[in-house]
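Survey of secondary and tertiary structure
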Amino acid sequence: MTRTDGYLLDNRQTEAGQRFNALATLFDPTTFRHIEQFGIGSGWRCWEVGVGSTSVVSWLAKKVGPTGRVVATDIDTSWAASATRAPVEVRVHDVGVDEPPGEGFDLVHARLVLSHVPQRERALQSMIRALRAGGRLLVEDADPSLQPLLWPDERGTEQQLASRLRHAFRQLLAERGADLAYGRRLPRLLREAGLRQVEADAYFPITSPACAALESATVRQVRDQLVAAGQVTAQDVDRHLANVAAGAMDLATAPLISAWGRKP
């Protein structure tokens with residue numbers, strides 16, 4: 001993340017922890033699969049950008065072992081405080097403004113971060129600069145514009161309400177500076193930045209308990225902003241949350257685009 005009052009999803013709110021847990025359930029397997037393919041092992045030096053919670057950092061720490069190093073950075077590190085023990089070093093850091101927290105990293109990873117960073121081009125260059133020659137960059141970001149519906153099988157009023165709230169939420173994100181089509185551009189951006197062996201794929205959860213938990217926590221977190229924007233009412237929000245809690249909704253996330261490459 002970057003230091004800005006514009007960021008919609010404040011990590012200091014109670015719902016942030018619930019969102020982190022749901023995001024870890026949904027996306028950690030994809031992230032770990034990619035990093036495993038890079039050959040991560042003992043002694044690796046890793047920089048985790050926008051750490052949020054501890055799931056990825058803890059997994060990296062086990063992989064690199066006591067001879068490795070994991071630098072975990074964010075503008076708000078309160079959720080990561082429990083991970084501050086060797087080989088993990090947690091730092092308050094703004095990836096779009098501050099200099100990299102070191103150099104010679106074997107791996108730099110950011111998930112659901114850069115689309116929210118106003119200085120995302122500078123942030124990407126900083127992350128690449130921190131890599132050693134031959135080091136790997138993995139950037140993962142959502143692309144909400146690729147899939148506009150919250151309930152892809154839209155049939156009736158419940159689904160239409162769900163998609164209306166999702167549209168209002170995404171409009172708020174865009175107004176706060178988020179790039180809702182950033183994910184699809186990642187392969188080109190990595191190639192243009194000089195990385196080699198660039199590849200990308202996408203993961204698109206369509207329904208799961210974690211999708212519902214993420215939706216509920218997110219809507220509760222931005223409830224006041226949604227109503228204040230005037231596109232939905234408080235009654236709309238309450239009805240949607242009740243529909244989610246009933247457990248009969250096939251709720252989708254935005255596709256997560258993972259793009260990776262190697263520094264020459």
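Residues numbered from 1 in each chain as written. Predicted model: local features only at pLDDT ≥ 70, side-chain atom pairs only at ≥ 80, totals over all residues. Heavy atoms only, no water.

This part covers the packing of helix α1 (residues 14–37) against helix α2 (residues 55–64). It is the contact of α1 with α2, at a shortest axis distance of 10 Å, that shows an interaxial angle of 30°. Judged on the interaxial angle alone, α2 and α1 are roughly parallel. Considering only the axes of α1 and α2, their crossing is right-handed. Across from A24, D28, F32, I35 and E36 in α1, the residues of α2 making contact are S55, V56, W59, L60 and K63. (Axes fitted to C-alpha atoms, helices over the stretch in contact; angles between N-to-C directions. Helix = DSSP H or I, 4+ residues; strand = E, 2+ residues; numbered from the N terminus. Parallel < 35°, antiparallel > 145°, perpendicular 65-115°, else oblique. Left-handed = near helix turned anticlockwise from the far one by under 90°. Contact = heavy atoms within 4.5 Å.)

To continue, consider the nonpolar core. In this structure, W47, L114, M127 and L137 are the most contacted members of the largest nonpolar core, which totals 24 residues. Among the secondary structure elements, those contributing two or more residues to this core are β1 (45–49), β4 (105–111), α3 (120–129), β5 (131–142) and α5 (182–192). With 4 residues, α3 is the largest single contributor of residues to this core. For M127, the residues in contact, after removing those within four places along its chain, are W47, V49, V95, V108, A110, L114, L137 and V139. Core analysis: the next-biggest nonpolar cluster, separate from the first, contains 22 residues, I40, A72, L107 and W260 among them. (Core = buried A, V, L, I, M, F, W, Y, C linked by side-chain atoms within 4.5 Å. Buried < 20%, exposed > 50% of the residue type's maximum accessible area, 1.4 Å probe, protein only.)

The next point concerns empty space enclosed by the protein. What the rule picks out here adds up to 3 cavities of 30 Å³ or more. Around the largest cavity, the lining is made up of 41 residues, and of these L9, R19, L23, L112 and H116 lie nearest the centre. For the lining of the largest cavity, the elements supplying multiple residues, two or more each, are α1, α2, β5, α4 (157–175) and α6 (209–221). The dominant element in the lining of the largest cavity, judged by the number of residues it contributes, is α1, at 5 residues. Partitioned by chemical class, the residues of the lining of the largest cavity number 23 nonpolar, 9 polar and 9 charged. (1 Å grid on protein atoms, 1.4 Å probe; cavity = no way out; pocket = protein on both sides within 12 Å on 5 of 7 lines; lining within 4 Å. Points joined across faces, edges and corners; volume = space filled by probe spheres on them. Nonpolar A, V, L, I, M, F, W, Y, C, P; charged D, E, K, R; others polar.)

For the pair α4 and helix α8 (residues 234–246), interaxial distance at closest approach is 10 Å and the crossing angle is 115°. Pair α4 / α8 crosses with left-handed handedness. Note on element contacts: α8 touches α4 through D236, V237, R239, H240 and N243, opposite E158, L161, A162, R164 and L165. Across the contact of α4 with α8, the residue classes tally to 4 nonpolar, 2 polar and 4 charged.

Moving on, we get to the side chain of R111. Tracing the sequence through the fold places R111 in strand β4. With a relative accessible area of 13%, R111 lands in the buried category. Not counting residues within four places of it along the chain, the set of residues in contact with R111 comprises L23, A24, F27, D28, T31, V49, S55, V56, E140 and L256.

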